[in-house]
Protein chains: 2
Amino acid sequence: MAHIDICTDCAIRDQALCSSLSDSELTTLNTLGRRRTITRGQTLIWAGDESIICANLLSGVLKLVAATPDGREQIVGLLYPADFVGQPYAGQADFTITALTDAELCIFPRDAFERVLEDHARMERLLLQRTLAALGVARTRIASLARQSAQEKIAGFLLDMASRATASGCRATPDAPMTFDLPLTRGQIADVLGLTIETVSRQMTRLKIAGIIALPGGRAVTISDERALQDSAEAA
Amino acid sequence: MAHIDICTDCAIRDQALCSSLSDSELTTLNTLGRRRTITRGQTLIWAGDESIICANLLSGVLKLVAATPDGREQIVGLLYPADFVGQPYAGQADFTITALTDAELCIFPRDAFERVLEDHARMERLLLQRTLAALGVARTRIASLARQSAQEKIAGFLLDMASRATASGCRATPDAPMTFDLPLTRGQIADVLGLTIETVSRQMTRLKIAGIIALPGGRAVTISDERALQDSAEAA
DNA sequence: CGAAAGCTTGACTACCATCAAGGACGGTGG
DNA sequence: CCACCGTCCTTGATGGTAGTCAAGCTTTCG
């Protein structure tokens, strides 16, 4: 909950919105923001509540959740380190934001953050660019959810998670089997892909039996045959 | 194809991005933009092409289409009058944009438009706000596509189209039956909702038989029992 | 060690896609 | 004016994919 005084040492200094600011400008932000750690399962923002905070995600993974009146739940987006969190200019929050893993945030009051945006055109432009990119991602997901089979969804999801896991720290050779931990449970994967937990489990088993992936235990996944997985992601 | 010299008379002067500009600032835009009319079915931008234009939509309806390698098609968004068209800061277009009805646009070269944004912070902020709103809409659609039944999708779609049709020109009484023309064919509705044309047709028939809507012919729809339609949109 | 949460597997079902055929509507040309 | 054609829409029969219900297994954590 302490004020930030270490922006220049920040893990995401070069990737987050703040990368548009000079060191001296950062000191202004310091007085506004504070670090906060939340634990797995904790909710940062509830849908419908007044939208009073914005943040940069420093570490961990968050989910954006839409809930239907009758209790069905759908994850409409995931947030990764360096992603921007919250809705400037919004009266109330559209979605509930909850931590999937322990996470660390750099939080600003929304109104103060909006004033910073007004004074820093570069930062506002960067946010616009990110928002446009997020819109593209969301629309791509619309196409996937509407038209892909369960098999395609799972294969595509695994490829996506794999590329994210290897984004930091490349692997030795492009063709070597690659192992990583999923940050999501089967149930959460189901919520992301618009499937049920049983279907997710069955598709994973199918890929395992086909020798395309291995499931060494826990949340770990090994991709043994990336090419075949890509084919699965595109198969009608 | 003429340069615009009638912004101050523009039908969407108060709703589009330009509403952030003074009359004198508009004259600058005049020199950059030009009006263009496209006919139903014509494509304005192809996915993958270099993203070279931005525009304001003056009249008509456009579709944003994602196509999978194997030919399946999904409409990932619809654009209505006063909506902003195109992707500033994008290298190449993510989606194909095609006219569903005859449409009128006010077109700017992308690079010139970006320079205008840089000089007009109010306009850039307005675009940011719109993009954030569009992101919320897209994410809401993710939830719908993933979790709603065909019945819910159709009912929700009809309510949405109804509210759009009545947005301009309110109706007499809130409870009176309301009739309007759908700007989309059954096939296009299917592409929006991630269904097949047959399922769309069957659901419409079902609603008709239930006395909730009437189909007077052509593209026309009458909502006889809005309350029941809302129930259909929320039923599990 | 025990309980809770998460995962897998099986049997069955329902919903929607697919395939197929025919009807309604609108425009064109004889 | 009517016949013709293309596009769009409706309806029926059938099947497959993924959802639902249920039971048992594994991992995690207090």
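Residues numbered from 1 in each chain as written. Chains lettered and ligands numbered in written order. Predicted model: local features only at pLDDT ≥ 70, side-chain atom pairs only at ≥ 80, totals over all residues. Heavy atoms only, no water.

Time to look at the overall build of chain A. On a plain count of helices and strands, chain A comes out with 7 helices and 11 strands. Here the C-alpha radius of gyration of chain A, 19 Å, is about what a compact globule of 236 residues would show, namely 18 Å. Across its three principal axes, chain A shows a C-alpha extent of roughly 55 × 45 × 30 Å. For chain A, the proportion of its 236 residues judged to be buried stands at 51%. Taking the contacts inside chain A whose residues are at least 6 apart along the sequence as the reference set, 71% of them involve residues at least 24 apart. (Helix = DSSP H or I, 4+ residues; strand = E, 2+ residues; numbered from the N terminus. Rg over C-alpha atoms; globule rule 2.2 N^0.38 Å. Buried < 20%, exposed > 50% of the residue type's maximum accessible area, 1.4 Å probe, protein only. Contact = heavy atoms within 4.5 Å.)

Here we come to the nonpolar core. Considering soluble globular proteins, one finds that nonpolar side chains tend to be buried as a cluster. Grouped together as the largest cluster of nonpolar side chains are 50 residues, with contacts concentrated most on Leu62 of chain A together with Leu62 of chain B. Beyond its immediate stretch of four places on either side in the chain, Leu62 of chain B contacts Ile38, Leu57, Gly77, Leu78, Leu79, Val85, Ile97, Thr98, Ala99, Leu100, Ala103 and Leu105 of chain B. With 44 residues, the next largest nonpolar core counts Leu29 of chain A together with Leu58, Val116 and Leu117 of chain B among its residues. (Core = buried A, V, L, I, M, F, W, Y, C linked by side-chain atoms within 4.5 Å.)

Turning our attention to the protein's contact with DNA strand C. Within the structure, DNA strand C sits among 16 residues, and Arg186, Ser201 and Thr205 of chain A together with Ala150 and Thr199 of chain B are positioned closest to it. Elements with a contribution of two residues or more to the surface near DNA strand C: α5 (186-193) and α6 (197-209) of chain A together with α6 (197-209) of chain B. Taken together, the residues of the surface near DNA strand C sort by class into 2 nonpolar, 8 polar and 6 charged. (Near = heavy atom within 4 Å. Nonpolar A, V, L, I, M, F, W, Y, C, P; charged D, E, K, R; others polar.)

Let's shift gears to the relation of the copies chain A and chain B. When chain A is brought onto chain B, the operation consists of a screw motion whose angular component is 180 degrees and whose axial shift is 0.0 Å, with 0.1 Å RMSD remaining. Both copies are brought into coincidence by an operation consistent with a two-fold rotation axis. With an isologous cut-off of 70% or more, the 98% of interface residues of chain A that recur at the interface of chain B puts this contact in the isologous class. (Least-squares fit on C-alpha atoms with pLDDT ≥ 70 in both.)

Residue and element names in this part refer to chain A. Splitting chain A by domain gives domain 1 (7-145) and domain 2 (148-234). The C-alpha-based centres of domain 1 and domain 2 are spaced at 26 Å. Taken over both partners, the interface formed by domain 1 and domain 2 buries close to 1,100 Å², and the fraction arising from carbon and sulfur atoms is 54%. The interface formed by domain 1 and domain 2 contains 0 salt bridges. Linking domain 1 to domain 2 there are 6 residue pairs in polar contact (both at pLDDT 80 or more). Counting residues per element, the ones that place at least two in the side of domain 1 that touches domain 2 are β5 (73-79) and α3 (121-147). (Domains from an automatic or database assignment. Buried area = accessible area lost by both parts, 1.4 Å probe. Salt bridge = Lys/Arg side-chain N within 4 Å of Asp/Glu carboxyl O. Polar contact = N/O pair within 3.5 Å; in protein donor to acceptor, adjacent residues only side chain to side chain.)

Close to DNA strand D lie 16 residues, the nearest being Ala150, Thr199 and Arg202 of chain A together with Arg186 and Thr205 of chain B. Backbone atoms, meaning sugar and phosphate, make up 62% of the atoms of DNA strand D lying within 4 Å of the protein. One of the side-chain N or O atoms of Thr199 of chain A is found 2.6 Å from a phosphate oxygen in DNA strand D. A distance of 2.9 Å separates a base nitrogen of DNA strand D from a polar atom in the side chain of Arg202 of chain B. Sorting the residues of the surface near DNA strand D by element identifies α6 of chain A together with α5 (186-193) and α6 of chain B as the ones contributing at least two each. In terms of residues, the surface near DNA strand D owes the most to one element, α6 of chain B, which gives 4 residues. Across the surface near DNA strand D, the residue classes tally to 2 nonpolar, 8 polar and 6 charged.

Next up on the list: the pattern of salt bridges. Counted under the stated rule, the structure contains 15 salt bridges over all chains. With its nearest N and O atoms 2.8 Å apart, the salt bridge here joins Glu152 of chain A to Arg72 of chain B. Of this pair, Glu152 of chain A sits in helix α4 (residues 150-167) while Arg72 of chain B sits in the loop between β4 (62-67) and β5 (73-79), on two different chains. According to the relative accessible area criterion, Glu152 of chain A is buried, its value standing at 2%. With a relative accessible area of 22%, Arg72 of chain B lands in the partly exposed category. Between Glu114 of chain B and Arg110 of chain B there is a salt bridge; the shortest N-O distance is 2.8 Å. With Glu114 of chain B and Arg110 of chain B both in helix α2 (residues 110-119) and 4 residues apart, the pair spans about one turn of that helix. As far as burial versus exposure is concerned, Glu114 of chain B and Arg110 of chain B are alike and both buried.

The next point concerns the environment of Ala138 of chain B. Within the secondary structure, Ala138 of chain B is located in helix α3 (residues 121-147). Ala138 of chain B sits in the buried class, given a relative accessible area of 5%. For Ala138 of chain B, the contacting residues outside a window of four places in its chain are Leu135, Ala138 and Ile142 of chain A.

Take the sheet that holds strand β8 (residues 103-109) of chain B next. Residues and elements named next belong to chain B. An order of β1-β8-β3-β6 is seen for the 4 strands of this open sheet, with the pairing classed as antiparallel. The open sheet terminates on both sides in strands that have one partner only, identified here as β1 (34-38) and β6 (84-85). Where β1 meets β8, 5 bridges bridge the pair, whose relative direction is antiparallel. The residue bridging Arg34 from the neighbouring strand is Ile107, located in β8. Along the sheet, α2 makes contact with β3 (53-59), β6 and β8, crossing β8 at roughly 75 degrees. (Pairing = 2+ DSSP bridges. Axes fitted to C-alpha atoms, helices over the stretch in contact; angles between N-to-C directions.)

The next subject is helix α7 (residues 226-234) of chain A. All names here are of chain A. Looking only at α7, the buried set comprises Ala228, Leu229, Ser232 and Ala233. For α7, the buried positions fall inside an angular range of 145 degrees around the axis, keeping them on one side. In α7, those exposed residues whose orientation departs by more than 90 degrees from the buried face are Arg227 and Glu234. (Arc of directions from axis to C-beta.)

Listed by partner, the interface residues are 43 residues for chain A and 42 residues for chain B. Carbon and sulfur atoms make up 66% of the area that chain A and chain B hide from each other, which totals about 3,700 Å². Considering only the surface of chain A that becomes buried against chain B, Arg139, Ile142 and Arg147 of chain A emerge as the three largest contributors, covering 20% of it. Counting every contact that joins chain A to chain B gives 6 salt bridges. Viewed at the interface, chain B and chain A are joined by 18 residue pairs in polar contact (both at pLDDT 80 or more). Those elements that place two or more of their residues in the side of chain A that touches chain B are β4 (62-67), β5, α2 (110-119), α3 and α5 of chain A. Taken together, the residues of the side of chain A that touches chain B sort by class into 23 nonpolar, 7 polar and 13 charged.

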